[in-house]
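Spelled out from the first residue to the last, the chains are:
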Amino acid sequence: VSVNVMVTPPYTSSVSDYINIPNKIVINLMHIAPDYPDLELYLSVSISGNNGVNAISEEDYKPAMPILLPKGSSLMLNVENISDAFNLRHISIEGTTLNELLSGSGLPEGQYRICVRAFDYNTGEPLSGDDPIGCSNLFDITNLEPPIFNNIYCGESVVNQLSQLINAQWLPPIGAPMGTSYHFELVEIPENVQIDPNEAFATAKYP
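Residues numbered from 1 in each chain as written. Predicted model: local features only at pLDDT ≥ 70, side-chain atom pairs only at ≥ 80, totals over all residues. Heavy atoms only, no water.

Draft legend 1. Geometry of the overall build of the protein chain. When helices and strands are tallied, the protein chain shows four helices and eleven strands. Here the C-alpha atoms of the protein chain give a radius of gyration of 22 Å, more than 25% beyond the 17 Å that 2.2 N^0.38 yields for 207 residues. In the protein chain, buried positions account for 29% of the 207 residues. Considering the protein chain, the positive charge centre built from 7 side chains and the negative charge centre built from 24 side chains are found 9 Å apart. (Helix = DSSP H or I, 4+ residues; strand = E, 2+ residues; numbered from the N terminus. Rg over C-alpha atoms; globule rule 2.2 N^0.38 Å. Buried < 20%, exposed > 50% of the residue type's maximum accessible area, 1.4 Å probe, protein only. Lys, Arg positive; Asp, Glu negative; His and termini not counted. Charge placed at Lys NZ, Arg CZ, Asp CG, Glu CD.)

The following block contains the structure:
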């Protein structure tokens, strides 16, 4: 089996982005052995960084269902297949902790690549080559500073206008790659309610 892996930008530190966002990781499998029949296979994955952080599939783990690859065919995997391969309950982690990856700051800054290898679902025999075969492009993860508002400042009072049109503008963080997207959220703090703004964002039912 020929395995081709591509990781698309932007490269965030959030592990869930790589597992759950469609086409964030693109894995293409190709049946290249004319003498082999249709294949049932599963994938082993690894994420390795130049900072000592590594996440590798447990050797004895395989998903409940195999991936079917007919003779002479190719297959581009979807989010569901990728999520099976990246099951975090069956990943060995070095250089950080699972809690830090999921609930903390995510992947530390560094240069990473993702490698995928195919195995026969029934025998466990490898069907594709080992590292560096089946590895993605190298990509850099940098934890950027938040954008800086240059219109509507923190703590500023905004005067009620008839038009109700308020412009919010910010400066992109230094080093933000082209195509970086921003999520803007607005919540109401009712009058005469004493609440920390950060708590207001965390508890608001109706942004």
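Draft legend 2. Quick look at the environment of Lys205. Checked against the element boundaries, Lys205 lands in the segment after helix H4 (197–203). Sequence separation of Lys205 and Val187 is 18 residues, and the distance between their C-alpha atoms is 8.8 Å.

Draft legend 3. Representation of empty space enclosed by the protein within the structure. Taken as a whole, this structure holds two cavities of 30 Å³ or more when the rule is applied. For the largest cavity, the calculated volume is near 140 Å³. If you trace the largest cavity, you find 16 residues lining it, with Val15, Ile47, Ala55, Leu88 and Leu101 closest to the centre. Looking at the lining of the largest cavity, the elements with two or more residues in it are helix H1 (15–20), strand E3 (39–49), strand E4 (54–57) and strand E7 (91–94). Here the element with the most residues in the lining of the largest cavity is H1; it accounts for three residues. Looking at the lining of the largest cavity residue by residue, the classes come out as 14 nonpolar, two polar and no charged. Lining the second largest cavity, in full, are Tyr18, Ile19, Ile21, Pro22, Asn23, Ile25, Val79 and Ile82. Elements with a contribution of two residues or more to the lining of the second largest cavity: H1 and helix H2 (79–85). Here the lining of the second largest cavity is built from residues that sort into seven nonpolar, one polar and no charged. (1 Å grid on protein atoms, 1.4 Å probe; cavity = no way out; pocket = protein on both sides within 12 Å on 5 of 7 lines; lining within 4 Å. Points joined across faces, edges and corners; volume = space filled by probe spheres on them. Nonpolar A, V, L, I, M, F, W, Y, C, P; charged D, E, K, R; others polar.)

Draft legend 4. Structural detail: the pairing of E4. Bridge count for E3 against E4 is three bridges, and the pairing is antiparallel. Each bridged residue has a counterpart across the sheet, and for Ser48 the counterpart in E4 is Asn54. Hairpin connection, E3 to E4: the antiparallel pair is bridged by four residues, and Gly52 has positive phi, about 90 degrees. The pairing of E4 with E7 spans four bridges and is antiparallel. From the neighbouring strand, Asn54 faces E7, where its bridge partner is Glu94. (Pairing = 2+ DSSP bridges.)

Draft legend 5. Inspection of a nonpolar patch on the surface at higher detail. Residues Phe149, Phe184 and Leu186 make up a contiguous nonpolar surface patch of roughly 330 Å² in combined accessible area. Topologically, Leu186 is positioned in the loop between strand E11 (169–171) and H4. (Patch = residues over 30% accessible without salt bridge, like charges linked within 9 Å, V, L, I, M, F, W, Y side chains within 5 Å. Areas by Shrake-Rupley, 256 points an atom, 1.4 Å probe, with all protein chains shown as cover. Salt bridge = Lys/Arg side-chain N within 4 Å of Asp/Glu carboxyl O.)

Draft legend 6. Broad picture of the packing of aromatic side chains. Within the structure shown, the criterion is met by eight aromatic pairs. Centre to centre, the rings of Tyr112 and Phe139 are 6.3 Å apart; their planes meet at 25 degrees, and the pair counts as stacked. With Tyr112 in strand E8 (residues 110–120) and Phe139 in strand E9 (residues 139–141), the pair connects residues that are 27 residues apart, well separated along the chain. Like Tyr112, the residue Phe139 is buried in the burial classification. (Phe/Tyr/Trp six-rings, centres within 6.5 Å; stacked < 30°, edge-to-face > 60°.)

Draft legend 7. Focus on unusual backbone geometry. With an omega of 10 degrees, the peptide bond running from Asp131 to Pro132 counts as cis. When you line up the elements, Pro132 lands in the loop between E8 and E9. One non-glycine residue with positive phi stands out, namely Asn23, at about 65 degrees. Tracing the backbone through its elements, the reader meets Asn23 in the loop between H1 and strand E2 (25–30). Residues other than glycine seldom take positive phi values, yet Ile152 does so here, at roughly 75 degrees. Take Ile152: it is sitting in the loop between strand E10 (148–151) and E11.

Draft legend 8. Looking closely at the pattern of salt bridges. Here the structure, examined in full by the defined rule, presents two salt bridges. Taking the shortest distance from any N to any O, the salt bridge between Asp131 and Arg113 comes out at 2.7 Å. Note that Asp131 is positioned in the loop between E8 and E9 and Arg113 in strand E8, a separation of 18 residues in sequence. A residue is classified by how much of its surface remains accessible, and Asp131, at 42% relative accessible area, is partly exposed.

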